[in-house]
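So the chains spell out like this:
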Amino acid sequence: MQLAMLVGKNYLITLHQGQSQGIENLLTQNFHKYLQHPLSLASRIMHSASTLYLNQLLAFEDQLSELEEQLSDHGDDQLLSTITRQKTDILRLNRIFNYHLSLSKKLLNLEQEQSLNGIAIDQPVLQDLHERFERLHSLSSMYYEICGDLVDGYLSISSHKLNNTMRVLTLITAIFVPLSFLAGIYGMNFEVIPELQHPNGYFILIGVMFTIALSLIGLFKWKRWF
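What you see is a predicted model, and the numbers here were worked out from it, not measured in a lab. (Residues numbered from 1 in each chain as written. Predicted model: local features only at pLDDT ≥ 70, side-chain atom pairs only at ≥ 80, totals over all residues. Heavy atoms only, no water.)

Draft legend 1. Representation of the packing of aromatic side chains in the model. Evaluated as defined, the whole model comprises three aromatic pairs. Taking the centre distance of 5.1 Å and the plane angle of 90° together, the rings of tyrosine 53 and phenylalanine 97 count as edge-to-face. Of this pair, tyrosine 53 sits in helix α2 (residues 38-74) while phenylalanine 97 sits in helix α3 (residues 77-108), and the two are 44 residues apart along the sequence. On the basis of relative accessible area, phenylalanine 97 is assigned to the buried category, the value being 1%. Aromatic pair tyrosine 202 and phenylalanine 203: ring centres 5.4 Å apart, planes at 75°, arrangement edge-to-face. Of the two residues, tyrosine 202 and phenylalanine 203, neither departs from the other in class, the shared state being exposed. (Phe/Tyr/Trp six-rings, centres within 6.5 Å; stacked < 30°, edge-to-face > 60°. Helix = DSSP H or I, 4+ residues; strand = E, 2+ residues; numbered from the N terminus. Buried < 20%, exposed > 50% of the residue type's maximum accessible area, 1.4 Å probe, protein only.)

Draft legend 2. Examining the side chain of serine 140 more closely. Mapping serine 140 onto the fold places it in helix α4 (residues 123-186). In this structure the side chain of serine 140 is engaged in a polar contact, spanning 2.9 Å, whose partner is the backbone oxygen of histidine 137. Setting aside residues up to four positions removed in sequence, serine 140 forms contacts with Leu57, Ile90, Asn94 and Phe97. (Polar contact = N/O pair within 3.5 Å; in protein donor to acceptor, adjacent residues only side chain to side chain. Contact = heavy atoms within 4.5 Å.)

Draft legend 3. How the structure looks around the packing of α3 against α4. The contact between α3 and α4 brings their axes to 8 Å, and the two run at 155°. On the basis of the axis angle, α3 is roughly antiparallel to α4. Where α3 crosses over α4, the two elements pack in a sense that is left-handed. Broken down by class, the residue content of the contact of α3 with α4 amounts to 19 nonpolar, 12 polar and four charged. (Axes fitted to C-alpha atoms, helices over the stretch in contact; angles between N-to-C directions. Parallel < 35°, antiparallel > 145°, perpendicular 65-115°, else oblique. Left-handed = near helix turned anticlockwise from the far one by under 90°. Nonpolar A, V, L, I, M, F, W, Y, C, P; charged D, E, K, R; others polar.)

Draft legend 4. Just the confidence of the model for the chain, in detail. When pLDDT is averaged across the chain, the result is 83; 94% of the residues are at 70 or more. At the low end of the mean pLDDT range in the chain sits helix α1 (residues 21-27), at 80; at the high end sits α3, at 88. (pLDDT = per-residue confidence, 0-100.)

Draft legend 5. Expanded view of helix α5 (residues 201-223). Here α5 contains 23 residues, and its C-alpha end-to-end distance of 33 Å stays within 8% of the 33 Å for a straight helix at 1.5 Å per residue. Along α5, the positions that sit buried rather than exposed are Gly201, Leu205, Met209, Ala213 and Phe220. Downstream of α5 by a residue or two, arginine 224 has a phi angle that is positive, lying close to 60°. (Expected span 1.5 Å × (residues − 1).)

Draft legend 6. Quick look at the pattern of salt bridges. Going through the model one piece at a time under the given rule, you end up with two salt bridges. Across the salt bridge formed by arginine 44 and aspartate 128, the nearest N and O atoms sit 3.9 Å from each other. A residue pair is termed long-range when its members are at least 10 positions apart, and arginine 44 in helix α2 and aspartate 128 in helix α4 qualify at 84 residues. Taking the relative accessible area as the measure of exposure, aspartate 128 reaches 30% and is therefore partly exposed. A salt bridge links aspartate 89 to arginine 92; its shortest N-O distance comes to 3.1 Å. Placement of the pair is aspartate 89 and arginine 92 together in helix α3, with a separation of three residues, close to one helical turn. (Salt bridge = Lys/Arg side-chain N within 4 Å of Asp/Glu carboxyl O.)

Draft legend 7. Layout of the nonpolar core. Grouped together as the largest cluster of nonpolar side chains are 27 residues, with contacts concentrated most on Leu57, Ile83, Leu107 and Tyr143. Here the element with the most residues in this core is α4; it accounts for 10 residues. If we ignore the near neighbours within four places in the chain, the residues touching leucine 57 are Ile90, Leu93, Phe97, Leu136, Leu139, Ser140 and Tyr143. With eight residues, the next largest nonpolar core counts Leu179, Leu182, Leu205 and Ala213 among its residues. (Core = buried A, V, L, I, M, F, W, Y, C linked by side-chain atoms within 4.5 Å.)

Draft legend 8. Up close: the pairing of strand β2 (residues 12-15). Relative to β2, strand β1 (residues 4-7) runs antiparallel, the two sharing four bridges. If you follow methionine 5 over to β2, its bridge partner there is threonine 14. The antiparallel hairpin formed by β1 and β2 contains four residues in its connecting segment. (Pairing = 2+ DSSP bridges.)

Right under this line is the structure:
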């Protein structure tokens, strides 16, 4: 939920469409000392809201570790979809925190402005707010990269498994191609094939086919293709 603030010399006006958790949390704390400084009070409201974000990000760190373990143990497409959705959410938060970070930088430079209309500036409070937004931005960037690494890692593992499967199928095909060729030749109904008249022709052909198959298997084993 967006929260707009209008700050003057002795007033602070907030505009939001619903109940703000950041403001409600601040009301339960000792905020009265900031009432004389509207800008400091506005900074504390933003600080209170950022605490909610920070708690969620820290909780997500444990969830991300659990997703990483599940992906390494028994990754599937459903888990990949979950990580992808988390990655999208983190990217959205990262854009929000990037805006907040730029806002806190502008607040830190307010002392150099000439048109403040007597608004009191509490530099330590603004510095604390800026450091909080820096941490949120760095955490969201780090988690986004971790989610991206998990997705890339899963895709690499899936591609490797698929390559191994295709290699086994290719080797099986390579073994049966010459056997199918021989079976096709001697399966033709031509009387001119001399081996058809041999009393042990069937056993000779079977022996040749077994020899070819075993030779190819031995060759593939020697090449370490499987």
